[in-house]
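Chain by chain, the residues run as shown.
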Amino acid sequence: KIADALALLIALAAFGLTAAASRSPFERLPHLEDEVAYLFQARVFAGGQVVIDSPEPHRAYWQPFVVDYAGKRFGKYPPGWPLLLSIGVLLGQPWVSNAFLAALSVALIYRLGRAIFDAETGLVAAALTASSPMFLLLSGSLMGHTAALFWGVLFVFALWKVERTGRVVWAAAAGAALGMLFDTRPLTAVGMALPFALGLAGMVLWRGIKTWWRQGWRPLLAFGAAAALTATMTPLFNAAATGSPTTNLYTLVWPYDQVGFGECCGRS
């Protein structure tokens, strides 16, 4: 189809524009403290390790948002994005990970727009995404926003397919995408999952629990299993780093870096 061919060209353009953004102005180097930590952890993963021993003297090897704790060194951020970034590290070109995810995200946005509305809507949505300065700059960096976008759009698209087809494979894909989103940007995952959970609850009440359960227990089970399996990556990473799966690694850098209000949270 002509629309599919145009969508492919837009996705390829997104890859090329992201590659150009990573080359200039970013020179394919980390510029933010977050990027430093992401790239460090990606290199650790690429080396086949989860954490490494802290070098001594560890202050001589200090890096922003890279934590030395109980003799181990690791990045403070969730492991989902560093794991994908490690693929680019293994290829010798870390920027490739975000460029590839940018192209996939644009293609998925087209597919979602075409599925819900029509091909023209999908093309417009894809073109607007691929030409967005914010999208290109974030994708040209080593930040994890593009990975979160990809997992978020995949989550929405897969859920839409579940609603239309009821197929277990799409339910598993939606769960895996949500789990990976949690491993990338946890609060974003919570924010995206909440309205869908409320919608599911409303659907159950509308159809009746027994009727809905007979029709939907298999996709729901596949969704929950896939989400739980992938989301365990973060607590397992935390356990490997600190010995506890519930440790908030952010607070190892700044004790106030946690969700909430009052003296516990925030600089002031």
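Please read all numbers here as calculations on a predicted model, not as lab measurements.

A.B. asks: Report on the overall build of the chain, specifying residues and quantitative values.
C.D. replies: Within the chain one finds eleven helices and three strands. Put simply, the chain runs from its N terminus to its C terminus through helices and strands in the order α-α-β-β-β-α-α-α-α-α-α-α-α-α. Relative to its length of 268 residues, the chain is compact, with a C-alpha radius of gyration of 20 Å against a globular reference of 18 Å. Based on the C-alpha atoms only, the size of the chain along its principal axes is roughly 60 × 45 × 40 Å. Residues classed as buried in the chain amount to 41% of the 268 residues present. Counting contacts in the chain only where the partners sit at least 6 residues apart, residues at least 24 apart contribute 66% of the total. Of the side-chain charges in the chain, 19 are positive and 14 negative, and the distance between the mean point of each set is 12 Å.

A.B. asks: Tell me about helix α5 (residues 119–130), residues and numbers included.
C.D. replies: Here α5 is twelve residues long and its end C-alpha atoms lie 16 Å apart, about the 16 Å a rise of 1.5 Å per residue gives. On the buried face of α5, the contacting elements are α1 (2–23), α4 (95–116) and α6 (133–140).

A.B. asks: How would you summarise the confidence of the model for the chain if you had to cite specific residues and measurements?
C.D. replies: Per-residue confidence for the chain gives a mean pLDDT of 93, with 96% of residues at or over 70. Here helix α10 (residues 209–231) stands out as the least confident element of the chain, with mean pLDDT 82; helix α3 (residues 80–91) is the most confident, with 98.

A.B. asks: Lay out a nonpolar patch on the surface with the relevant residues and their values.
C.D. replies: On the surface, Ile2, Leu6, Leu8, Leu9 and Leu12 cluster together to form a nonpolar patch covering roughly 540 Å² of accessible area. With respect to the element layout, Leu12 can be found in helix α1.

A.B. asks: Summarise the nonpolar core; cite the residues concerned and give the values.
C.D. replies: In terms of nonpolar packing, the biggest core is built from 33 residues, with Trp81, Leu85 and Trp151 touching the most fellow members. Here this core gets nine residues from one element, more than from any other, and that element is helix α7 (residues 145–165). If sequence neighbours within four positions are ignored, Trp81 has contacts with Tyr38, Ser97, Asn98, Leu101, Leu142, Met143, Gly144, Ala147, Asp183 and Thr184. Ala3, Ala11, Tyr110 and Ala119 belong to the second largest nonpolar core, which has 15 residues in total.

A.B. asks: A description of the pattern of salt bridges should follow, citing residues and the corresponding values.
C.D. replies: Using the criterion set out here, one finds four salt bridges in the structure. Of the charged contacts in the structure, one is a salt bridge between Asp4 and Arg114, with a shortest N-O distance of 2.7 Å. With a gap of 110 residues between them, Asp4 in helix α1 and Arg114 in helix α4 connect regions that are remote in the sequence. Since its relative accessible area comes to 30%, Asp4 is described here as partly exposed.

A.B. asks: Describe in detail the pairing of strand β2 (residues 66–69), supporting the description with residues and values.
C.D. replies: By the bridge criterion, four bridges tie β2 to strand β3 (residues 72–75) in an arrangement that is antiparallel. What sits directly across from Asp68, in β3, is Arg73. The turn linking β2 back onto β3 is made up of two residues, and Ala70 within it adopts a positive phi angle of 50°.

A.B. asks: Which residues make up empty space enclosed by the protein, and what values go with them?
C.D. replies: In the structure shown here, the tally under the stated rule is one cavity of 30 Å³ or more. By volume, the largest cavity is sized at about 30 Å³. What lines the largest cavity is Ser22, Phe26, Arg28, Leu29, Glu35, Trp95, Gly140, Ser141 and Leu142. Here the residues of the lining of the largest cavity sort into four nonpolar, three polar and two charged.

A.B. asks: An account of unusual backbone geometry is needed here, citing residue identities and associated values.
C.D. replies: Residue Ser24 is joined to Pro25 through a cis peptide bond whose omega torsion reads 20°. Positive phi outside glycine occurs at Phe65, with the angle close to 65°. The phi torsion at Ala70 lies on the positive side, around 50°, for a residue other than glycine. By the secondary structure assignment, Ala70 is in the loop between β2 and β3.

A.B. asks: Explain the sheet that holds β2 to me, using residue names and the numbers behind them.
C.D. replies: Spatially, β1-β3-β2 is the arrangement adopted by the three strands of the open sheet, whose pairing is antiparallel. Two strands lie at the open edges of the sheet, namely β1 (52–53) and β2, each paired on one side alone. Taken together, the two bridges between β1 and β3 define a ladder with antiparallel strand orientation. Bridged to Ile52 within β3 is Arg73. Sitting on the sheet, helix α2 (residues 33–46) is in contact with β1, β2 and β3, with an inclination near 120° to β3. Of the strands in this sheet, β2 and β3 touch helix α11 (residues 233–242), which is tilted by about 150° from β3.

Conventions and cut-offs
Residues numbered from 1 in each chain as written. Predicted model: local features only at pLDDT ≥ 70, side-chain atom pairs only at ≥ 80, totals over all residues. Heavy atoms only, no water. Helix = DSSP H or I, 4+ residues; strand = E, 2+ residues; numbered from the N terminus. Rg over C-alpha atoms; globule rule 2.2 N^0.38 Å. Buried < 20%, exposed > 50% of the residue type's maximum accessible area, 1.4 Å probe, protein only. Contact = heavy atoms within 4.5 Å. Lys, Arg positive; Asp, Glu negative; His and termini not counted. Charge placed at Lys NZ, Arg CZ, Asp CG, Glu CD. Expected span 1.5 Å × (residues − 1). pLDDT = per-residue confidence, 0-100. Patch = residues over 30% accessible without salt bridge, like charges linked within 9 Å, V, L, I, M, F, W, Y side chains within 5 Å. Areas by Shrake-Rupley, 256 points an atom, 1.4 Å probe, with all protein chains shown as cover. Salt bridge = Lys/Arg side-chain N within 4 Å of Asp/Glu carboxyl O. Core = buried A, V, L, I, M, F, W, Y, C linked by side-chain atoms within 4.5 Å. Pairing = 2+ DSSP bridges. 1 Å grid on protein atoms, 1.4 Å probe; cavity = no way out; pocket = protein on both sides within 12 Å on 5 of 7 lines; lining within 4 Å. Points joined across faces, edges and corners; volume = space filled by probe spheres on them. Nonpolar A, V, L, I, M, F, W, Y, C, P; charged D, E, K, R; others polar. Axes fitted to C-alpha atoms, helices over the stretch in contact; angles between N-to-C directions.

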